[in-house]
Amino acid sequence: MKKYIAECIGTFTLVFLGCGTAMLVGCDAASGSGYLLTALAFGLVIVGMAYAVGNISGCHINPAVSLACLLSKRMDVKDFVGYVIAQVIGALAGSGLLALIFKLGGITDMSDPVSGKGFGTNGLGGVNGNIAAGLIVEIVLTFLFVLVILGVTSPKQTHGSFGGLIIGLTLVVIHIFGIGLTGTSVNPARSFGPAIVAACAGNSAPLSSLWVFIVAPLIGGALAAVCYTFLEGEAKD
């Protein structure tokens, strides 16, 4: 149970601080400052949580990472289900608290200046609504992110205490590239929480493409697991 609580707290923190930053600064392509601040927020949260709960749950805080660990035989089905449920609850809690704070404080949500109810949701606006392009972006970015995680957390790794920093910085780079295309998900729970809360607040638009940000990261995570297992096996030969 402690592992699930740790995953819930970690995912809550990721959504609360990551999406919260996006809501405050927006993602203005003209200046790029919003891109960088949001990317740094997501990446630095991963760094912090890796050292805070990594020794308890492994700090997956992402169903795609948990799926990769399941396929790599680093966890069993029971824990996988428990992790995903905890991650979704954490994401919903993070988005819900942001909604409350922004409403009580009368703060403008800059992540969706049109409706004012974006909550840091993901979308296909950057790829002009093209589903295929969105799927490719999210699959590839998740594949790269999870591949790094599997490598850094391998029993054979030699990165020592710098593992969390490496993973966090990788997420920063992935966000810098992906924000302008899909808002960067690479995490089904991170996309699910904000989309549901946005819909409850009257903006149901993110729900139409939510499936992309659930399916694509899971495919990317699964491909990373298969690829890393193959590469690691080859390295032993």
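The structure presented is a predicted model; accordingly, all values stated were derived computationally and were not measured. (Residues numbered from 1 in each chain as written. Predicted model: local features only at pLDDT ≥ 70, side-chain atom pairs only at ≥ 80, totals over all residues. Heavy atoms only, no water.)

1. Description of the overall build of the protein
(1) Moving on: Within the protein, the regular secondary structure consists of nine helices and zero strands.
(2) Moving on: Secondary structure of the protein in N-to-C order comes out as α-α-α-α-α-α-α-α-α.
(3) Moving on: For the protein, the C-alpha radius of gyration of 17 Å lies close to 18 Å, the compact-globule estimate for 237 residues.
(4) Moving on: Along the longest, intermediate and shortest principal axes, the C-alpha atoms of the protein span 55 × 35 × 30 Å.
(5) Moving on: Within the span of the protein, comprising 237 residues, buried residues form 48% of the whole.
(6) Moving on: Across the protein, every contact between residues at least 6 apart in sequence was considered, and the portion connecting residues at least 24 apart equals 76%.
(7) Moving on: For the protein, the exposed surface amounts to about 10,600 Å²; the carbon and sulfur share of it is 72%.
(8) Moving on: Here the protein carries 10 positive and 10 negative side-chain charges, and the mean point of each set is 8 Å from the other. (Helix = DSSP H or I, 4+ residues; strand = E, 2+ residues; numbered from the N terminus. Rg over C-alpha atoms; globule rule 2.2 N^0.38 Å. Buried < 20%, exposed > 50% of the residue type's maximum accessible area, 1.4 Å probe, protein only. Contact = heavy atoms within 4.5 Å. Areas by Shrake-Rupley, 256 points an atom, 1.4 Å probe, with all protein chains shown as cover. Lys, Arg positive; Asp, Glu negative; His and termini not counted. Charge placed at Lys NZ, Arg CZ, Asp CG, Glu CD.)

2. Side note on the nonpolar core
(1) Moving on: Counting residues in hydrophobic clusters, the biggest one holds 42 residues, and the most contacted among them are Phe145 and Leu150.
(2) Moving on: Counting only elements with at least two residues in this core, the list comes to α1 (2–25), α2 (33–57), α3 (63–71), α4 (77–105), α5 (131–152), α6 (163–182), α7 (188–200) and α9 (212–236).
(3) Moving on: Sorting elements by how many residues they give to this core places α5 first, with seven residues.
(4) Moving on: Residues contacting Leu150, with those up to four places away along its chain left out, are Ala68, Ser72, Arg74, Ala224, Ala225 and Tyr228.
(5) Moving on: Grouped together as the second largest cluster of nonpolar side chains are seven residues, Leu124, Val212, Phe213 and Ala216 included. (Core = buried A, V, L, I, M, F, W, Y, C linked by side-chain atoms within 4.5 Å.)

3. With respect to the packing of aromatic side chains
(1) Moving on: Applying the stated criterion across every chain yields a total of two aromatic pairs.
(2) Moving on: Aromatic pair Tyr4 and Tyr83: ring centres 5.9 Å apart, planes at 85°, arrangement edge-to-face. Placement of the pair is Tyr4 in helix α1 and Tyr83 in helix α4, with a sequence separation of 79 residues. Each of the two residues, Tyr4 as well as Tyr83, counts as buried.
(3) Moving on: Residues Phe12 and Phe16 carry aromatic rings whose centres are separated by 5.4 Å and whose planes lie at 10° to one another, so their mutual orientation is stacked. Here Phe12 and its partner Phe16 are both found in helix α1, four residues apart, which amounts to about one turn of the helix. (Phe/Tyr/Trp six-rings, centres within 6.5 Å; stacked < 30°, edge-to-face > 60°.)

4. Thoughts on the side chain of Thr142
(1) Moving on: Here Thr142 is to be found in helix α5.
(2) Moving on: Polar side-chain contacts of Thr142 include one of 2.6 Å to the backbone oxygen of Glu138.
(3) Moving on: Ignoring anything within four residues of it in the chain, the contact list for Thr142 reads Ala64, Val186, Pro217, Gly220 and Gly221. (Polar contact = N/O pair within 3.5 Å; in protein donor to acceptor, adjacent residues only side chain to side chain.)

5. Structural notes on the state of the cysteines
(1) Moving on: In this structure the tally under the stated criterion is zero disulfides.
(2) Moving on: With no disulfide partner, Cys59 has as its closest neighbouring cysteine sulfur the one in Cys69, 11 Å distant.
(3) Moving on: Distance from the sulfur of Cys200, which forms no disulfide, to the nearest cysteine sulfur (Cys19) is 15 Å.
(4) Moving on: Of the residues examined, Cys200 reaches a relative accessible area of 68% and is grouped as exposed. (Disulfide = S-S within 2.5 Å.)

6. Digging into α6
(1) Moving on: Along its 20 residues, α6 runs 27 Å from first to last C-alpha, staying within 8% of the 28 Å computed at 1.5 Å per residue.
(2) Moving on: The axis of α6 is deflected most strongly, by about 35°, at Ile176.
(3) Moving on: Looking only at α6, the buried set comprises Gly163, Gly164, Ile167, Gly168, Thr170, Leu171, Val172, Ile174, His175, Gly178, Ile179 and Thr182.
(4) Moving on: With its phi angle positive at about 85°, Gly183 sits one or two positions after the end of α6. (Expected span 1.5 Å × (residues − 1). Bend = angle between axes of the 7 residues up to and from the residue.)

7. Some words on the side chain of Ser57
(1) Moving on: Positionally, Ser57 belongs in helix α2.
(2) Moving on: On the accessibility criterion, Ser57 (5% relative accessible area) is buried.
(3) Moving on: A distance of 2.6 Å separates the side chain of Ser57 from the side chain of Glu7, its partner in a polar contact.
(4) Moving on: Contact partners of Ser57, with chain neighbours within four places excluded, come to Lys3, Ala6, Glu7 and Tyr83.

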